[in-house]
Amino acid sequence: MVQVMKHEIRRAAVLGAGVMGAQIAAHLVNAGVPTLLFELPGREAGDGSGPARRAIEGLAKLDPAPLALPSLAEHVQPANYDEHLGRLSDCDLVIEAISERLDWKHQLYERIVPHLAADAILASNTSGLSIADLASGLPAERQSRFCGLHFFNPPRYMHLVELIPGPATSARLMDDLESFLVTGLGKGVVRAKDTPNFIGNRIGVFSILAAFHHTQALGLGFDEVDALTGVRIGRPKSATYRTADVVGLDTLVHVIGTMERALTEDPWHAMFPVPAWLGRLVEEGALGQKSGRGIYRKAGRDIQVLDPDSMDYRPADRVIAPEVDAILKDRDAARRLSALRGSEHPQARFLWNVTRDTLHYCACHLESIADNARDLDLAIRWGFGWQEGPFELWQSVGWQQMARWIVEDIRAGSTLASAPLPDWALDTTRTGVHGNEGSWSPLGRLQRPRSALPVYRRQPFPDRVVGEDRTFGTTVFESDAVRLWTTGDDIGVLSFKSKMHAIGEDVLDGVAEAVDEAERSLAGLVLWQTEAPFSVGANLSGPSAPKSGRPPPTALGSMVKRLRREAESAILKAARRLNVADALMAGRLEKIESVVSQFQATSQLLRYCRIPTVAAVDGMALGGGCEFVMHCDRAVATLESYIGLVEVGVGLVPAGGGCKELVMRTAADARDGDLFPFLRGYFQAAATAEVGRSAHHARRLGYLRASDPIVMNRSELLHVAKAELTALAERGYRPPLPARSIRVAGRSALATLKAHLVNLCAGEFISDHDYQVASRLAHVMCGGIVEENSTVDEAWLLALERTAFMELLATEKTQARIEHTLRTGKPLRN
C-alpha cells in the first residue's frame, strides 16, 4: 500500500472569509478536514466572529454549492483575529486568502506567526503576487514552511491547484503538500514558477486579452465571440465574455492589472491595459454574475449583452456564420485551422488570430513560467476547462505546419508581438512536445517524465496529454458493447463502449459474459468506465451506438439546474433508445418485457455471482446505471458522482431491481422497528427523480451505503476500487444468501402514501398522471397489497417492478411523455 503523506493534515485554518476563502474552507470539510475560518472581528456585541459566521451561512446560498452536503457547514468554525489566534496552534495547514495587498498580508503574517505550530504549513492563496515577496515578511525560520497554494474558483469543482515554492521552501514540504492536495482534496497539482499570475492565469488571461483585442479589431459582438469560443472549439459553454462575468469583472481587472504592473518587459505588454469598457463596468459596480449585471444582463426573460461603443445593452442574438460553422464541423485539426487561416470572414479570422497569438505566447514564455509543456497544458485544461491545452492543439495540427504559419504571420506583422519563436519550437526535427517518455522541458532541454511521487502510483490512468499512450490494460474479451480487461493482475475491469455508457441488450449480454469469464479465471470484477459518466441508464432498443469520445466541457453554472438538465438529458437518451412508440405500434410489448426481465437478471447476477463485484462511479449514474451500482457488493464513488433513479421523469418506475433494493434497504435500516419513517425518504427520492448532488448526498438518499468509500480524486478511483475488491476476495468471498424474508410496509403504508399523493394532486402540485405513476411506485415499494410487516422475497418485488413498469408503458400519457421528451428534450407534466 502506498504511503500517501507523512505530514498528516488533521485540522486546517483559512484566513479570510471572502467568497474564495469560505469556499476553500468548505472544500476542506468536504474532504473531512475540520477547518477554522478567520475574518476580521465584527462590531456586534458578544459576537466577534459574526463576519466569519455570516460567510459560513452564505455558503448555502452560493451556486454551484461549495458544500457536498449542507450539514457539513457545522465543521467550519468561525473565528476572528482578536480572540482566536491561539487556536492556530492546533492547525497543520493554514491558508491565507485575504485581499491581494502585499502590505496587508505581511501585517497578517506578523500577527499569526507566534501562534503557529513549529511544523505547520503556511500557504498563500494569492493568484499572482510574488511568493518570494510574500515570504520576505516572515521570520527566516518560518520561510521553509511557506509556499503559494493557488486554488481556482470555485474550489470544489475546479481541478487545478498551483503549488509555488518560495526561495527557501522545503522540498519535503512541497512533496507532502502535493500528496495531500492530490489524494486528500482530489486536485490536479501543477508546480508553477514564481512569476506573475503563475501558469493558469498567465496563459488563460492572455487568451482572454487576445480575444478582447481581436473582438474590437474585427468589429465583432461579445455574444458573437461567445458563440465562437465555447463548446464548438472545446471550451466551456461560458466561452469568453460569459466566463468573465462568472469569474467576476473586478477579479479579472485585478489579474490583468498584475500583468500590466509586473510584466513591463513582456513583448505583449501593450495589450495588458484594462479595456476602457471593462474599467467603466467595474467602476459602476457591474461586476458580472455576482452583481446581477456585467457584460451580460437579464431583462425579464431576455438576455442582453453590452455594446462597448454605446455602453448600452442590446439583445444577445448573434450566432456563428454558416460558412464558419461548416469549417468548425471538420474534426481534423490541421484542415480546420488551415481553413480558418485562409478565410476572409471576420469570425474565422478572429478564431485564427486568437489561436495563433495564444500558441505564440505559450511558446515564448514556457521556459519562464513552467517546468514543462505538460504542466502548462494541464493547467489550462484543469483551470480553465479547455478540452485540450495549447501545445496539445499545436501537436494535433502538426508541429512543423503550425510553426511555419506562426513564423509567416510574425514576418507579415499580423501577430500581436514580433517576438520570434524560441529555437526549440523551430527545431525542424520536432514532431511535438508530448510523448510517452515525457513532455518537453526547455530549461532542462529534455522530455520531462511524469512525477515519481508515491501518491501518483495510485493513478493507473492519469489525465493524458496528446502524444501519450491512451490504451487501457490487456483485453480479456471484447464485444461491440463492452470490454473486459486487466492490468497484469487477476482483477477484471469491465468498461462499456456505448455512448454515455447506456445499458442495452448488448451491454447486458456483455456483463453476463464478463461475469462468466471472471468466475472462471479472475478474482473479481470492477465496473469502471474509461471516462465519465458511469452510465446514464437503460437502452432497451437494441445495439448501442459507439461512444464518440469525451464530450466537451460545460460551464460551471447552477449545480442544481445542471444536474436537472443532465438528468433530463439522460431521460431523453433512454427514451430515445426505448423507442417505445414504435415498439407499441409493432406489438413489441412482450419484447420490451423480456428485456426488462433480462435487466433484472443481470442486476441480480452482479449481486449473487461467485466473485466480488465493485462499481467504480464517477459522474452520472442514473436509472439503470444507479441500479447496477446498488447491486454490486461495493460501490466506490468520486465526490462528484451524481446518482439517482430518474425513471419517473418519463412516466415509468425503476424496473432493473432499483425499487427492490430500496425496499431491502428500508427493512435493513428499520431492523425490527417501524418501516415507514425509512420508507418515506426512499420513496420521496425515487418519486421525485431526485439525483444526488454529490456522493455524500447520494449516500444520504440511500443510493450509496455507509460502507461505500468516497474518493476525492477521480484518477484514484480505479486504484481504490481494486483495493476494495482485493479486500473482499482476501477475506474468502462468498456471495450473500438470497433474501427470502424481506419485511414490507404493506397496505397501511400504501394508504398513507396515496393519501399524501391525493392531497398533492388536489392542490395541483402534481398532475393526475403523476399520481398514477407515484401510486404504482408506492405499490411496489410497500410490497403490494399485503398486511403490514408481511415478508416477501426478491422475486416478488421484482415481479411488482416489472408489472408496474409495463402497466405504465401501456398508458397513453406515459407514451405522450416519452414522445414529448423525444421531440423537445424536456419532460412533460401531463
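Since the structure is predicted, the reported quantities are computational estimates derived from the model, not experimental observations.

Participant: Any chance you could explain the sheet that holds strand 12 (residues 434-435) here in plain terms?
Facilitator: To summarise the sheet geometry, strands pair through backbone hydrogen bonds and adopt either a parallel or an antiparallel arrangement. Within the open sheet, the 3 strands sit side by side as 12-13-14. Their pairing is antiparallel. Strands with a single pairing partner mark the edges of an open sheet, and in this sheet they are strand 12 and strand 14 (446-448). Of the pairings in the sheet, the one linking strand 12 to strand 13 (residues 438-441) comprises 2 bridges and is antiparallel in character. When the sheet's bridge partners are listed, G435 is paired in strand 13 with G438.

Participant: What is the right way to look at the pattern of salt bridges in this model?
Facilitator: A side chain of one charge can pair with a side chain of the opposite charge when the charged atoms of the two come close. Tallying each qualifying case throughout the model produces 46 salt bridges. Residues E519 and R610 are paired through a salt bridge, measuring 3.6 Å at the closest nitrogen-oxygen approach. With E519 in helix 18 (residues 505-521) and R610 in the loop between helix 21 (589-608) and strand 19 (613-622), this pair connects stretches of sequence that are 91 residues apart.

Participant: Please explain the confidence of the model for the protein as it appears in this structure.
Facilitator: In low-pLDDT regions, the fine details of the predicted coordinates are not to be read closely. Per-residue pLDDT for the protein averages 92, and the proportion of residues at 70 or more is 93%. Counting interchain partners and residues more than four positions distant, the pLDDT-below-50 stretch residues 1-6 has 16 contacts. Low pLDDT (under 50) marks residues 548-564, which in the prediction has 39 contacts with non-local residues, meaning those over four places away or in another chain.

Participant: What's the story with the packing of aromatic side chains in this structure? I'm lost.
Facilitator: Two aromatic rings, taken as a pair, are described by how far apart their centres are and by the angle between their planes. If you walk through the whole model with that rule in mind, you get 25 aromatic pairs. Ring centres of F222 and W277 lie 4.8 Å apart, and the angle between their planes is 45°; on these two criteria the pair is classed as tilted. Linking F222 in helix 7 (residues 222-228) with W277 in helix 10 (residues 276-283), this pair joins segments that are 55 residues apart in sequence. W277 carries the same exposure label as F222, and that label is buried. One aromatic cluster is present, built from ring pairs that chain together F391, W394, W399, W424 and W440. Between R235 and the ring centre of W386, over which it is positioned, the NZ or CZ distance is 3.4 Å. Taking NZ or CZ as reference, R242 lies 3.9 Å from the ring centre of Y296, over its face.

Participant: Quick question: what am I supposed to make of unusual backbone geometry here?
Facilitator: Among all residues except glycine, the phi angle is most often negative; among peptide bonds, the trans geometry is most common. With omega at 0°, the peptide bond leading from N153 into P154 counts as cis. Residue P533 is reached from A532 by a cis peptide bond, and omega for that bond is 5°. The backbone phi angle of R445 is positive, close to 55°, even though this residue is not glycine. Summarising the element assignment, R445 is placed in the loop between strand 13 and strand 14. By relative accessible area, which is 52% here, R445 ends up exposed. Residues other than glycine seldom take positive phi values, yet E764 does so here, at roughly 60°. Following the sequence through the fold, E764 ends up in the loop between helix 27 (746-762) and helix 28 (768-781).

Participant: What's the story with the side chain of D223 in this structure? I'm lost.
Facilitator: Assignment of secondary structure puts D223 in helix 7. Look at D223 and you get buried, because its relative accessible area is 5%. At 2.6 Å, the side chain of D223 forms a polar contact with the side chain of R314. Ignoring any residue separated from it by four or fewer positions in sequence, one finds D223 in contact with Y296, V305, R314, P315, A316, D317 and R318.

Participant: Before we go on, may I ask you to explain the sheet that holds strand 15 (residues 474-478) in this structure?
Facilitator: Sheet architecture is open: 7 strands sit in the order 15-16-17-18-19-20-21, paired in mixed fashion. Sheet topology places strand 15 and strand 21 (710-711) at the edges, where each strand pairs with a single neighbour. In this structure, strand 17 (residues 491-496) lies alongside strand 18 (residues 524-527), joined through 4 bridges in parallel fashion. Across the sheet, residue I491 finds its bridge partner in strand 18, namely G524. Those strands touched by helix 22 (residues 624-631) are strand 17, strand 18, strand 19 and strand 20 (634-644), and its axis lies near 155° from that of strand 19.

Participant: Would you mind showing me how to read the pairing of strand 5 (residues 121-124) here?
Facilitator: Burial along strand 5 is two-sided: the face carrying I121 and A123 and the face carrying L122 and S124 are both buried. Pairing of strand 4 (residues 93-96) with strand 5, which is carried by 4 bridges, proceeds in the parallel orientation. Along strand 5, the bridge assignment pairs L93 with I121. Running through helix 3 (residues 102-112), the crossover from strand 4 to the neighbouring parallel element strand 5 is right-handed. By the bridge criterion, 3 bridges tie strand 5 to strand 6 (residues 146-151) in an arrangement that is parallel.

Participant: Would you take a moment to explain helix 1 (residues 19-30) for this structure?
Facilitator: For the α-helix, the turn length of 3.6 residues means that residues three or four positions removed from each other point alike. Between the first and last C-alpha of helix 1 there are 16 Å, a value that for 12 residues agrees with the 16 Å anticipated at 1.5 Å per step. Listing the buried residues of helix 1 in full gives M20, G21, A22, Q23, I24, A25, A26, H27, L28, V29 and N30. Remark: G32 follows helix 1 within two positions and exhibits a positive phi of approximately 85°.

Participant: Mind showing me how you'd approach the packing of helix 18 against helix 21 here?
Facilitator: Each pair of packed helices can be described by the angle between their axes along with the distance between the axes. Running from N to C, helix 18 and helix 21 point in directions that differ by 30°, and their axes come no closer than 10 Å. When the axis of helix 18 is compared with that of helix 21, the two are roughly parallel. Every pair of crossing elements has a handedness; the one defined by helix 18 and helix 21 is left-handed. Contact residues: E505, L508, D509, V511, A512 and V515 in helix 18; K591, V595, Q598, F599, T602, L605 and L606 in helix 21.

The rules behind these values
Numbers given for residues are sequential positions, taken from 1 along each chain in its written order. Confidence filtering applies because this is a predicted model: local features only for residues at pLDDT of at least 70, side-chain atom pairs given and counted only at 80 or more, and all residues used for totals across whole chains, interfaces and linings. Heavy atoms from the whole structure form the basis of all side-chain values; hydrogens and water molecules are not counted. Whether two strands pair depends on DSSP finding at least two bridges between them. Put simply, DSSP marks the helices as runs of H or I at least four residues long and the strands as runs of E at least two long, and each gets a number from the N terminus on. A pairing counts as a salt bridge when a side-chain nitrogen of Lys or Arg comes within 4 Å of a carboxyl oxygen of Asp or Glu. For every residue, the pLDDT score states the predictor's confidence, bounded by 0 at the bottom and 100 at the top. In what follows, residue pairs with any heavy atoms lying within 4.5 Å of each other are defined as contacts. Only Phe, Tyr and Trp rings take part, Trp by its six-membered ring, and two of them pair if their centres are within 6.5 Å. Stacked means planes under 30 degrees apart, edge-to-face means over 60, and tilted covers everything else. Burial status follows relative accessibility: with a 1.4 Å probe on protein chains alone, a residue under 20% of its type maximum counts as buried, one over 50% as exposed, and anything between as partly exposed. Remark: a charge is flagged as sitting over a ring if the NZ atom of Lys or the CZ atom of Arg is within 6 Å of the ring centre and within 35 degrees of the ring normal. A 3.5 Å cut-off defines polar contacts: any pair of N or O atoms within that distance qualifies, except that in protein one atom must be a possible hydrogen donor and the other a possible acceptor, and neighbouring residues in sequence count only when both atoms are side-chain atoms. In this analysis an axis means a line fitted to C-alpha atoms, helices contributing only their contacting stretch, and an angle means the value between N-to-C directions, from 0 to 180 degrees. The handedness rule is simple: strands pointing away from the viewer, and a clockwise path from the first strand over the helix to the second, make the crossover right-handed. The span one expects for a helix is its residue count, reduced by one, times 1.5 Å. Note on terminology: angles under 35 degrees are roughly parallel, angles over 145 are roughly antiparallel, angles of 65 to 115 are roughly perpendicular, and the others are oblique. Note on convention: near helix rotated counterclockwise from far helix by under a right angle means a left-handed crossing. Clockwise means right-handed.

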